[in-house]
Amino acid sequence: MSRPARQPAAGTDFDGTRLTVARRLRRMTKSALAREVGVTPTAISQFEKAETRPTQGVLAQLCLQLGFPRDFFSSGRPLTMLPASGAHFRSLRSTTAAAREQALAFGELCLELVDLIGAYVDLPPVLLPDLELPDELTEDDIVEAARSTRETWKVASGPVPSVVQAMEAHGVVVLRLPAGTDSAVDAFSTYTGRRPLVFLSPVKDDKARSRFDAAHELGHLVIHPDTEPGSKLVENQANRFASEFLMPREEIVDDLPRRIDWPAFHELKRHWGVSLRALVYRAHALGRLSDASYRRANQQLAVWGNPERGPLGPAESPQLLGLARQVMTDSGFDFDSVLAAGRVAPDVAEAVIHAASEKRPRLAIA
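Residues numbered from 1 in each chain as written. Predicted model: local features only at pLDDT ≥ 70, side-chain atom pairs only at ≥ 80, totals over all residues. Heavy atoms only, no water.

Draft legend 1. Up close: the overall build of the chain. Broken down by element type, the chain carries 16 helices and 4 strands. Over its C-alpha atoms, taken along the principal directions, the chain stretches across nearly 90 × 45 × 40 Å. Expressed as a percentage of its 366 residues, the buried residues of the chain come to 53%. When contacts within the chain are restricted to residue pairs at least 6 apart in sequence, those whose partners lie at least 24 apart make up 77%. For the chain, the accessible area works out to roughly 16,900 Å², and carbon and sulfur atoms hold 49% of it. Positive and negative charge centroids in the chain, built from 44 and 46 side chains respectively, lie 6 Å apart. (Helix = DSSP H or I, 4+ residues; strand = E, 2+ residues; numbered from the N terminus. Buried < 20%, exposed > 50% of the residue type's maximum accessible area, 1.4 Å probe, protein only. Contact = heavy atoms within 4.5 Å. Areas by Shrake-Rupley, 256 points an atom, 1.4 Å probe, with all protein chains shown as cover. Lys, Arg positive; Asp, Glu negative; His and termini not counted. Charge placed at Lys NZ, Arg CZ, Asp CG, Glu CD.)

Shown next, in the form of structure tokens:
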């Protein structure tokens, strides 16, 4: 009895790392993907570790189930993997491992696209203050780090005009997380790749809150380059950095009210571009509001809820990658051909560009 002909294996340029990234991006376990494709979980592991290669038929099923073209899985520019241990998630305890891995996989594809674009466009070099920080940060250390960042970036006294644009101008890639990302992934940052990445919430369309979120993630990049993420202490330190970066103590302390004065807080909100909650926090931290007044103010803010009263307009938008693509096309480059040569999936590239441009993201990664 003759045996059926065995399908040939995929080409020798199959990259198992890309299968790992694609699977995590779609929030699929090895077992779930194996069931859909018709192989064992062990086979998926072997594909990802490059111990074996899928047959042409299995590869076609992998492309179908994961929604990636065949070329994506070919060996090309090596992908930089972003470890969870080097990423600061705002809501680490409430974020599932699958949601974190999905967000990190998106970050890995973002880095790939940034590297590809960087081969054609001179992106701003990374410029963060070079600080010698102790293992245990004091309040003065955090204040000095925020001041040093403003000085390094030549931010004039008063409000920061745009936190996101200041970050982009100094080499930090800022993006919104794609629509469809687990809502528990509020924001996160990482500098374990070749360039720092900051991801902001796609649903916080509020200027005040998004500015603080961006400054918080900037704090992690500046004061926590080697710090284990996730602790309440580390998150509180990033909040204190953000407060000093956005509202320098020497410039705001005399203007903060000593009692709950909402008209005064609203005026300060409009001037500094921060939320009422951030101002109340700042007033208490700087000794202007008593503990009792601080509690009452937060109780009132909880009653009002979000979005906060006195909105400042839509969230600040990233622009860097969208502008870089425009520069490429204006210079005569065929962007789609560049993507194809770099083995970057067009739909993923579009999701990244939309997440890093003035237009809100329209493509869901789910």
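Draft legend 2. Seen up close, the packing of helix α1 (residues 16–25) against helix α5 (residues 97–118). As a packed pair, α1 and α5 sit with axes 7 Å apart at the nearest point and diverge in direction by 130°. Classified by the interaxial angle, the pair formed by α1 and α5 is oblique. Read as a crossing pair, α1 and α5 show a hand that is left-handed. Every residue of α5 that contacts α1 at Arg18, Val21, Arg24 and Leu25 is listed here: Glu101, Gln102, Leu104, Ala105, Phe106, Glu108, Leu109 and Glu112. (Axes fitted to C-alpha atoms, helices over the stretch in contact; angles between N-to-C directions. Parallel < 35°, antiparallel > 145°, perpendicular 65-115°, else oblique. Left-handed = near helix turned anticlockwise from the far one by under 90°.)

Draft legend 3. Geometry of the packing of aromatic side chains. Taken as a whole and judged by the stated rule, the model has 12 aromatic pairs. Residues Phe72 and Phe73 carry aromatic rings whose centres are separated by 5.2 Å and whose planes lie at 85° to one another, so their mutual orientation is edge-to-face. Given a relative accessible area of 2%, Phe72 falls into the buried group. Centroid distance Trp153 to Phe245: 6.2 Å. Interplanar angle 90°. Geometry classified as edge-to-face. Placement of the pair is Trp153 in the loop between α6 (139–152) and α7 (163–169) and Phe245 in helix α9 (residues 232–246), with a sequence separation of 92 residues. You can call Phe245 buried: its relative accessible area is 0%. Taken together, the aromatic side chains of Phe14, Phe68, Phe72 and Phe73 make up a single cluster linked through ring pairs. Here the guanidinium or amino end of Arg325 rests over the ring plane of Phe335, the centre of that ring lying 5.6 Å away. (Phe/Tyr/Trp six-rings, centres within 6.5 Å; stacked < 30°, edge-to-face > 60°. Lys NZ or Arg CZ within 6 Å of the ring centre and 35° of its normal.)

Draft legend 4. Region of the structure containing the pattern of salt bridges. One pass over the full model with this rule turns up 14 salt bridges. Residues Glu101 and Arg24 are paired through a salt bridge, measuring 2.6 Å at the closest nitrogen-oxygen approach. Of this pair, Glu101 sits in helix α5 while Arg24 sits in helix α1, placing them 77 residues apart in sequence. Arg282 is the salt-bridge partner of Glu244, the closest N and O atoms lying 2.6 Å from each other. Residue Glu244 is found in helix α9, and its partner Arg282 is found in helix α12 (residues 276–285); the two are separated by 38 residues along the sequence. Given a relative accessible area of 2%, Glu244 falls into the buried group. The exposure class of Arg282 is buried, given its relative accessible area of 5%. Via salt bridges that share partners, Arg147, Glu244, Glu250 and Arg282 belong to a single interconnected network. (Salt bridge = Lys/Arg side-chain N within 4 Å of Asp/Glu carboxyl O.)

Draft legend 5. Local environment of the pairing of strand β2 (residues 173–176). Residues Val173 and Leu175 line one face of β2 and the alternating positions Val174 and Arg176 line the opposite face, and both faces are buried. As paired strands, β2 and strand β4 (residues 197–200) are joined by 4 bridges and run parallel to one another. In the strand pairing of β4, Val174 is matched with Val198. (Pairing = 2+ DSSP bridges.)

Draft legend 6. Quick peek at the sheet that holds β2. Overall, mixed pairing links the 4 strands, which are arranged β1-β3-β4-β2 in an open sheet. Here the strands that pair on one side only, and so sit at the sheet edges, are β1 (87–89) and β2. Sheet twist, expressed as the mean angle between neighbouring strand axes with direction ignored, is 15°. As defined by bridge partners, β1 adjoins strand β3 (residues 188–190) across 3 bridges and the pair is classed as antiparallel. Bridging from a neighbouring strand, Phe89 pairs with Phe188 of β3. The strands touched by helix α8 (residues 207–223) within the sheet are β1, β3 and β4, with β3 carrying the most contacts at an inclination of about 30°.

Draft legend 7. Representation of unusual backbone geometry within the structure. At the junction of Asn306 and Pro307, the peptide bond is cis and its omega measures out at 5° in the coordinates. Residue position: Pro307 is located in the loop between α13 (291–304) and α14 (320–330). With phi around 55°, Arg27 is a residue other than glycine that occupies positive phi space. Looking at where Arg27 falls in the secondary structure, it is placed in the loop between α1 and α2 (30–37). Given the relative accessible area of 36%, Arg27 is considered partly exposed. The backbone of Lys154 sits at a positive phi, close to 55°, despite the residue not being glycine. Mapped onto the elements, Lys154 comes out in the loop between α6 and α7. The class of Lys154 is exposed, set by a relative accessible area of 74%.

Draft legend 8. Structural view of the nonpolar core. Counting residues in each nonpolar core, the largest one holds 62 residues, and the members touching the most others are Phe68, Phe73, Ile117 and Leu175. The biggest single contributor to this core is α5, with 12 residues. Excluding anything up to four places from it in sequence, Ile117 contacts Leu123, Leu321, Ala324, Met328, Phe335 and Ile353. Val164, Met167, Leu200 and Phe241 belong to the second-largest nonpolar core, a separate cluster that totals 44 residues. (Core = buried A, V, L, I, M, F, W, Y, C linked by side-chain atoms within 4.5 Å.)

Draft legend 9. Highlighting the pairing of β4. Across the two faces of β4 the burial is the same, with Leu197 and Phe199 and Val198 and Leu200 all buried. Summarising the sheet, β3 and β4 pair through 3 bridges and their orientation is antiparallel. Opposite Ser189, over in β4, you have Val198 as the bridge partner. Counting the residues between successive antiparallel strands, the hairpin from β3 to β4 contains 6 residues.

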